[in-house]
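A look at the structure
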Amino acid sequence: MNQKLNKNIDKTNAIKSYINEIRDQIIDKQASKLFDDLKWIQLKDISPCESDLFPTVITGKGEKILLIHGFDSCFLEYRRLTPFLKNNNKLIIPDLYGFGFCPRSNGSKYGFKYLMKHLNSVLDYFSKNQPIGVIGASMGGALALELARQNPKKINKLLLLSPAGLAGKNPKIPWPFNHLGAFFLGQPFVRRGLCKQAFADPTNSVGPAEEQIASIHLKVPGWQSSLADFAADGGVSDCGLPKPTQPLKIILGKHDRIIPKNEKEETKRTYNSYIEIATKSGHLPHLEEPKLVSEAWEKLNKSK
């Protein structure tokens, strides 16, 4: 038992050491600043190892906002939106369970219900007796919807950015195909391709800084195995209904090439009156048009 505990502690320490190594190598200055606000918090009943600490950026002052990143990403996804929001809001940006720089301890399991368990724990940790707002991007949008449905009194408003997983049903990927898929996703040429596909104007928007951040978490111990487990569980899908009761806004990128066409059409049919189109964005309006996103949040505040 002690041997397993020590191994898990070593994994957490290895992640912290890796972050210390790469901090001075970060090209994007806004991303580098987020590391200054990175905290490690303890959450009860989340990991088999009680010594695990979970990475969460905490920055700014004011009303609290929980920001949920997308699939195979990390807190750095919000590097460009943070400066627009932090002056009037306290931002809480965790790495999702099994993603980013989170520790992957022995005996951990990954999938939708574990993501929700982690997010509920984060919400309990930070909301206390005061309801908070939630912003979710891509897969994080689907998770934000489900979190809001589960916590109508703890969450008071929602902003979804190119939400993925609202319609359709993902298949469960069996072994060994789940591991082969995760291995493939880790290849440099795949990462570059996906990074370019996510932006509306990859020629002018994607360079070494964006490619670095898209792959920066791949060296975290357990990255491939946790991603494979996530795929075997079926990922996140079919989260669009029922509609949450809280005030809601959805921003869709006009040039989004990541979300399948049938899923986008279903989302538009279900949430038509809640949708705003970001005309200069692909799948990442919070990176491509952060000012528009921040203004949408302020309008949502006024509509409460």
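Residues numbered from 1 in each chain as written. Predicted model: local features only at pLDDT ≥ 70, side-chain atom pairs only at ≥ 80, totals over all residues. Heavy atoms only, no water.

With that settled, consider the overall build of the chain. Counting secondary structure elements, the chain contains 13 helices and eight strands. Counting only C-alpha atoms and orienting by the principal axes, one finds that the chain spans roughly 55 × 45 × 40 Å. Looking at the chain residue by residue over its 304 residues, the buried ones come to 54%. Considering only contacts in the chain between residues 6 or more positions apart, those separated by 24 or more positions represent 78%. Working note: accessible area of the chain is about 14,200 Å², and carbon and sulfur atoms make up 52% of it. Averaging the locations of the 43 positively and 30 negatively charged side chains of the chain gives two centres separated by 3 Å. (Helix = DSSP H or I, 4+ residues; strand = E, 2+ residues; numbered from the N terminus. Buried < 20%, exposed > 50% of the residue type's maximum accessible area, 1.4 Å probe, protein only. Contact = heavy atoms within 4.5 Å. Areas by Shrake-Rupley, 256 points an atom, 1.4 Å probe, with all protein chains shown as cover. Lys, Arg positive; Asp, Glu negative; His and termini not counted. Charge placed at Lys NZ, Arg CZ, Asp CG, Glu CD.)

Pairing geometry for strand 3 (residues 63-68) and strand 4 (residues 89-94), over four bridges, is parallel. Residue pairing for strand 4: Ile65 is matched across the bridge by Leu91. Two elements, strand 3 and strand 5 (residues 132-137), share four bridges in a ladder whose sense is parallel. Within strand 5, the residue paired with Ile68 across the bridge is Gly136. (Pairing = 2+ DSSP bridges.)

This paragraph deals with the pairing of strand 5. Among the six residues that make up strand 5, six are buried, leaving the element largely enclosed by the rest of the structure. Residue alternation in strand 5 divides its side chains into two sets, Ile132, Val134 and Gly136 and Gly133, Ile135 and Ala137, and both sets are buried. Both strand 5 and strand 6 (residues 155-161) contribute to a ladder of six bridges, which runs parallel. Bridge assignment links Ile132 to a residue of strand 6, and that residue is Ile155.

Once that is clear, we can look at the sheet that holds strand 8 (residues 275-278). Pairing in this open sheet of eight strands is mixed, and the strands run 1-2-4-3-5-6-7-8 from one edge to the other. Looking at strand neighbours, the two that pair on one side only are strand 1 (38-41) and strand 8, the edges of this open sheet. Taken over all neighbouring pairs, the strand axes of this sheet differ in orientation by 25° on average, direction set aside. Running over the sheet, helix 4 (residues 112-127) touches strand 1, strand 2 (54-59), strand 3, strand 4, strand 5 and strand 6 and is turned about 150° from strand 4. Packed onto the sheet, helix 13 (residues 290-302) meets strand 3, strand 4, strand 5, strand 6, strand 7 (248-253) and strand 8 and runs at close to 155° relative to strand 6. (Axes fitted to C-alpha atoms, helices over the stretch in contact; angles between N-to-C directions.)

Further remarks concern the nonpolar core. In terms of nonpolar packing, the biggest core is built from 47 residues, with Ile68, Leu115 and Leu143 touching the most fellow members. At seven residues, the largest contribution of residues to this core is made by helix 5 (residues 139-150). With residues up to four places along the chain from it excluded, the contact list for Leu115 reads Leu96, Tyr97, Phe99, Met139, Leu143, Phe230 and Val236. Listed in part, the 35 residues of the second largest apolar core include Ile22, Leu81, Ile93 and Leu159. (Core = buried A, V, L, I, M, F, W, Y, C linked by side-chain atoms within 4.5 Å.)

Counted by the stated rule, this structure contains ten salt bridges. Salt-bridge contacts for Arg79 lead to Asp28; the nearest nitrogen and oxygen are separated by 3.4 Å. Of this pair, Arg79 sits in the loop between strand 3 and helix 3 (82-85) while Asp28 sits in the loop between helix 1 (2-22) and helix 2 (29-36), and the two are 51 residues apart along the sequence. The same class applies to Arg79 and to Asp28, which are both buried. (Salt bridge = Lys/Arg side-chain N within 4 Å of Asp/Glu carboxyl O.)

In the structure shown here, the tally under the stated rule is zero disulfides. Cysteine Cys74 shares no disulfide, and the gap to the nearest cysteine sulfur, in Cys102, comes to 10 Å. (Disulfide = S-S within 2.5 Å.)

Every buried residue of helix 9 (residues 208-215) is accounted for by Ala209, Glu210 and Ile213. Down the axis of helix 9, the sector holding all buried residues measures 95°, keeping them to one side. Looking at the buried positions of helix 9, the neighbouring elements they touch are helix 2, helix 7 (188-198) and helix 8 (202-205). (Arc of directions from axis to C-beta.)

In this fold, Glu77 is placed in the loop between strand 3 and helix 3. Here Glu77 is buried and forms no salt bridge, its nearest opposite-charge partner Arg79 lying at an N-O distance of 7.4 Å. A distance of 2.6 Å separates the side chain of Glu77 from the side chain of Ser73, its partner in a polar contact. If sequence neighbours within four positions are ignored, Glu77 has contacts with His69, Gly70, Ala137, His286 and Leu287. (Polar contact = N/O pair within 3.5 Å; in protein donor to acceptor, adjacent residues only side chain to side chain.)

Turning to the packing of helix 4 against helix 5, a few remarks are in order. Contact pair helix 4 / helix 5: the axes reach a minimum separation of 10 Å and the direction vectors enclose 65°. Viewed along their axes, helix 4 and helix 5 form a crossing whose handedness is right-handed. Touching Phe112, Leu115, Met116, Leu119, Asn120 and Leu123 of helix 4 are Met139, Leu143, Glu146, Leu147 and Gln150, all from helix 5. When its residues are assigned to classes, the contact of helix 4 with helix 5 shows eight nonpolar, two polar and one charged. (Left-handed = near helix turned anticlockwise from the far one by under 90°. Nonpolar A, V, L, I, M, F, W, Y, C, P; charged D, E, K, R; others polar.)

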